[in-house]
Amino acid sequence: MKKRILKNIFIILVYAFLYLPIIILVVFSFNTSKMNITFEGFTLKWYQTLFSNRSLLEAFFNTIIVAVTSTFISTVIGTISAYALNRYNFKGKGFIMKLLYIPIVIPEIVLGISLLSVYTLLKLDLGMMTLILSHIAFSIPFVIISVKTILDDLNPNLYDASKDLGAGGLETFRHIILPSLIPGITSGAMLAFTLSLDDVVISYFTAGPSSNTLPLKIYSMIKTGITPEVNALSTIILVVTFTIILLFTLKQMRSLKKEVVR
Amino acid sequence: MKDKLFKKIITIPVIVYALVLILLPLIYIFILSFLKSDSYGGVINVFNLGNYLKIFDMVYIKVFVQSFLIALVTTLICILIAYPFCLFISQKKKKTQTLLMALVILPFLTNSLIRTYGWIVLLRKEGVINTILLNLNIIDNPLSLMYNNLGIIIGMVYTLLPFMILPLYSSISKIDNRLIEASKDLGAGSMATFFKVIVPSTVTGLFNGSLMVFIPCIGYFFIADLLGGGKLMLLGNLIKNQFLTARNWPFGAAISITLLIITFVLVKLYKKTGGKMDDLGGF
Amino acid sequence: MKKIIICFLLLLGITGCGKNQEDTLNVLNWSSYIPDSIIEDFEEETGIIVNYSTYSSNEELLAKISSAKEGTYDLIFPSDYMIELMINRDLLEPLDKSKLVNINNLKKEYLNLDYDKNNTYSLPFLATTTVIAVNRDHIKDNITSYNDLLNPNYKNNIVLLDDQRIVIGMANQALGYSMNTTNDLELKKAEEFLLDLKKNVKAYDSDSPKTLLITNEVDIGVMWNAEAALALRENPNIEIIFPKENGALSIDNYAIVKGAKHKDNAYKFIDYILRPEVMKQIIEEYPYINVNEETEKLLSSEYLANKAANIPDYIINQAEMVQNIGSNIDKYDKLWALIK
């Protein structure tokens, strides 16, 4: 019994560690004191200044554009690629598969500087395009793996059955395979989206003058001093993410229940 | 015939992607690492090994050692927190387990910089932790919690902990409970069961987690910048400086290639312990 | 599926629009140099959209300019020695002064300086000098020189700039050498000085050393005068000390990058800031040394009374400036990596 209490205390402590900085940010976003030292009084002032901060809002929109675009493209390419790798053999396939793991294991900074070097070599303008391209570069492997795990579990006889029925490669993919891949695609896309929103290191090297993203903006804001607007912004982002996840989970739970009822 | 065309169309994207966005950049910095930089930022096309020899300068060896020590300590602390945590969680009911694991991931869906900023607010000399401890008379003088190595390690452990928890949890939850019971039936104590049954079957998970903590730790320059006060130079900071302030791209490229080789060696070791590549990256 | 594709195309459209805006200006400036409100006012008045990004050292600026494709940035704000270096490397565009109506507002003593005779490529924006700021709530000792900072009582209690030329230059000055020495023996001594000083250093921070002072994280800082002036605004018990070694003087300048795509807009921006009342707003928000004759008449009593803002002329005149030292910069690079 005593042992169990100790175990639970340990678990609670770990969660406290995980949630402490987040709770602090939310609480201090309502603090009248600029200094973030002690809580002096309740205010919504920082939310007001936040919404009149044009460059911060612009960075926010850039972040969303980069995340949505790169998620979309890397999900499409990732899904097709996972299928291609699972279904077909081609020259150098083993080598290509090895390359795909590189963005996952190497330190982000190495990927960041090597992409930057290539953009410079090719004389590309650093901007939204290079930023989106870089995000695609590190997201695709994650999508491929999450789709591939499902493909690996599919019954290989499906292909033959479909072929016997006279379906070509495209038909088989569209009508037989694609529907069953939806969970893998969704989780791959979610992963790509969060990776893109969270990325600091690669964006740091590959963004240009007109493509400030939120993490970069926050980085420079934190470096240039005490900015309670950052607390307010963080709180909003937290609330939005948590709401989306909550809705998502609720929806999943409901559909699970429905299945059980049936 | 149509089938062949379809095959071509769907295999081309992955080949183009892998060659252009992965292989080309790496080959380019590999070449860059053997070139020379002129004193103000340009690159001279002369083959030389100078950049690699420069790494063996005491100044830079120190940076390597510091980074690896920080990464090692971070990894060990992550194991010490994550191992018992996953073990205790795996003893709960299945439903509770899912919920608890979701709660682990939740904070990490917000930007890592924002969370690092939260730590600044907590760890400062007149930050939340010191203020509370001072008011409770637990300490007389504020503790130095940031602008030193402690701050960097706290930030790293915090940012990377889930990458240890996820693979560890998945390998711990796969252990067959009957094995543990069998071991107990055979008279093994809980310590013996732990070291002879549980630990061996989680080696891959442990290695996977360590890899996913150790490697990023070397590159997270922003945590060293924000929580370390710019006093400790990690490899990430060194590479960043070579590219963004010291204008010596070839040297920066040589450090990156060295780091890449170290990464590949670690991954090879991981595969030797029976780890699968698909399990890396938090899957 | 169709809906998704339409949404996606729309998004691409938005990104495309952002890029095709002809009426933009890409400014690369020091962090905390021009308040957001000034930029917004300028945008409102001219309809030009300003893309504003920042850097924290001259070296970072140089790296950004030389690695980015020509035409990426339009207007930059390099310091004196960096102007000279950029002219040598053919990175700057000669200025067409006929496009600057307000050019005569500039103080004569900041024109025609050694780094750019005749101001062919640059015009002064503002100047700054390093000062020592001490929190008198906690430190009572008499401090007059950089050498006093070695006092073992100040363990972990000092913030320095994260700028190699300035910090190593400070050590050189403390030892009685030129700020720009390239003599190996002297630099070795500077290295010892800095390693000794490091025990007292809590952080190297160029972006906002004032924060550490204001939040009582440290009690002593060597920083640019405006940072000290802002700290003084928050805490009147901070004393501003002009080190007897004569600190560093740095003059930051407007310069247009070679191949800039929006030159006319850059001139409009420079001319806008040269207006006395605009410069007054900037200098009162970030209290650096004013180089605008007409602004001088408008400055508030608060600015004039702030010891760290309104720096006496004799201090400015005796301060030393960073010089371009060519390939000897390698020595500084290595020394910097060693002491960090």
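Model, not experiment: these values are computed from the prediction.

Thresholds applied
Residues numbered from 1 in each chain as written. Chains lettered and ligands numbered in written order. Predicted model: local features only at pLDDT ≥ 70, side-chain atom pairs only at ≥ 80, totals over all residues. Heavy atoms only, no water. Helix = DSSP H or I, 4+ residues; strand = E, 2+ residues; numbered from the N terminus. Buried < 20%, exposed > 50% of the residue type's maximum accessible area, 1.4 Å probe, protein only. Contact = heavy atoms within 4.5 Å. Lys, Arg positive; Asp, Glu negative; His and termini not counted. Charge placed at Lys NZ, Arg CZ, Asp CG, Glu CD. Rg over C-alpha atoms; globule rule 2.2 N^0.38 Å. pLDDT = per-residue confidence, 0-100. Buried area = accessible area lost by both parts, 1.4 Å probe. Salt bridge = Lys/Arg side-chain N within 4 Å of Asp/Glu carboxyl O. Polar contact = N/O pair within 3.5 Å; in protein donor to acceptor, adjacent residues only side chain to side chain. Domains from an automatic or database assignment. Expected span 1.5 Å × (residues − 1). Bend = angle between axes of the 7 residues up to and from the residue. Core = buried A, V, L, I, M, F, W, Y, C linked by side-chain atoms within 4.5 Å.

J.: Would you explain the overall build of chain B in this entry?
T.: Per the secondary structure count, chain B includes 13 helices and 2 strands. Relative to its 283 residues, chain B shows a buried fraction of 57%. In chain B, once contacts between residues fewer than 6 apart in sequence are set aside, the share between residues at least 24 apart is 66%. Put simply, chain B has 25 plus and 11 minus side-chain charges, and the middle of one group is 5 Å from the middle of the other.

J.: I keep staring at the overall build of chain C and nothing clicks. Help me out?
T.: Along the backbone of chain C there are 14 helices and 11 strands. Taken over the C-alpha trace, chain C has a radius of gyration of 21 Å; the compact-globule value for 340 residues is 20 Å, and the two agree within 12%. Expressed as a percentage of its 340 residues, the buried residues of chain C come to 61%. Pairs at least 24 residues apart make up 75% of the contacts formed inside chain C by residues separated by at least 6 positions.

J.: What should I look at first to understand the confidence of the model for chain C in this one?
T.: Close inspection of predicted coordinates is inappropriate for parts of the model with low pLDDT. All names here are of chain C. Across chain C, the average pLDDT comes to 90, with 94% of residues at 70 or higher. Predicted confidence is poor over residues 13-20, with pLDDT under 50, and the contacts of this stretch with residues over four places away or in other chains come to 3 contacts. Per the prediction output, this complex has pTM 0.88; the corresponding ipTM is 0.89.

J.: Please explain the interface of chain C and chain A as it appears in this structure.
T.: If you look at the interface, chain C gives 29 residues, while chain A gives 24 residues. Around 2300 Å² of area is buried between chain C and chain A when both sides are counted, 62% of it from carbon and sulfur atoms. Our count for the contact surface shared by chain C and chain A stands at 3 salt bridges. When the shortest N-O distance is used, the salt bridge between Asp125(A) and Lys69(C) registers 3.6 Å. At the boundary of chain C with chain A, the tally comes to 1 residue pair in polar contact (both at pLDDT 80 or more).

J.: Explain the domain arrangement of chain C here, please?
T.: Accessible area lost during the coming together of the parts is what is often quoted as the interface size. Residue and element names in this part refer to chain C. Taken domain by domain, chain C holds domain 1 (22-127 + 252-310) and domain 2 (128-248 + 319-339). The gap between the C-alpha centroids of domain 1 and domain 2 is 26 Å. If you look at the interface, domain 1 gives 24 residues, while domain 2 gives 20 residues. Between domain 1 and domain 2, a total of about 1900 Å² is buried, with carbon and sulfur atoms accounting for 54% of that surface. Of all residues in domain 1, Tyr81, Lys307 and Ala308 give up the largest surface area on contact with domain 2, accounting jointly for 28% of the area buried on that side. Remark: the boundary between domain 1 and domain 2 carries 1 salt bridge.

J.: Honestly, the pattern of salt bridges in this entry has me stumped. Any pointers?
T.: Oppositely charged side chains are able to pair whenever their charged atoms sit close together. Scanning the entire structure with this criterion turns up 24 salt bridges over all chains. Between Glu239(C) and Arg136(C) there is a salt bridge, with its nearest N and O atoms 2.7 Å apart. Of this pair, Glu239(C) sits in strand E9 (residues 238-241) while Arg136(C) sits in the loop between strand E5 (123-135) and strand E6 (158-160), and the two are 103 residues apart along the sequence. A residue is classified by how much of its surface remains accessible, and Glu239(C), at 32% relative accessible area, is partly exposed. Via salt bridges that share partners, Lys223(A), Asp225(B), Lys240(B) and Asp207(C) belong to a single interconnected network.

J.: So what exactly am I meant to see when it comes to helix H1 (residues 2-28) of chain A here?
T.: Turn by turn, an α-helix covers 3.6 residues, leaving residues three or four places apart pointing in a common direction. Residues and elements named next belong to chain A. Between its first and last C-alpha, H1 extends 37 Å over 27 residues, near the 39 Å set by a 1.5 Å rise per residue. Most pronounced at Tyr19, the bend in H1 amounts to some 45°, and the proline Pro21 follows within four residues. Listed as buried for H1 are Ile11, Val14, Tyr15, Leu18, Tyr19, Pro21, Ile22, Ile24, Leu25 and Phe28.

J.: Honestly, the interface of chain B and chain A in this entry has me stumped. Any pointers?
T.: Facing the 82 residues of chain B at the interface are 88 residues of chain A. Of the roughly 7800 Å² buried between chain B and chain A on both sides combined, carbon and sulfur atoms contribute 79%. Three residues, Tyr17(B), Ile114(B) and Tyr117(B), lead the burial of chain B against chain A; their summed loss comes to 9% of the area buried on that side. Our enumeration of links across chain B and chain A arrives at 2 salt bridges. Where Asp225(B) meets Lys223(A), a salt bridge forms, and the shortest distance between an N and an O atom there is 3.9 Å.

J.: For this particular structure, what's the right way to read the nonpolar core?
T.: Grouped together as the largest cluster of nonpolar side chains are 299 residues, with contacts concentrated most on Phe205(A), Ile34(C), Phe77(C) and Phe125(C). No other element matches helix H3 (residues 58-90) of chain B, which puts 16 residues into this core.

J.: Teacher, can you tell me more about the environment of Asn151(C) here?
T.: Residues and elements named next belong to chain C. Within the secondary structure, Asn151 sits in the loop between E5 and E6. Measuring from C-alpha to C-alpha, the distance between Asn151 and Asn200 comes to 8.2 Å, with 49 residues separating the pair along the chain. With sequence-adjacent residues up to four places away left out, Asn151 is seen in contact with Asp141 and Asn200.

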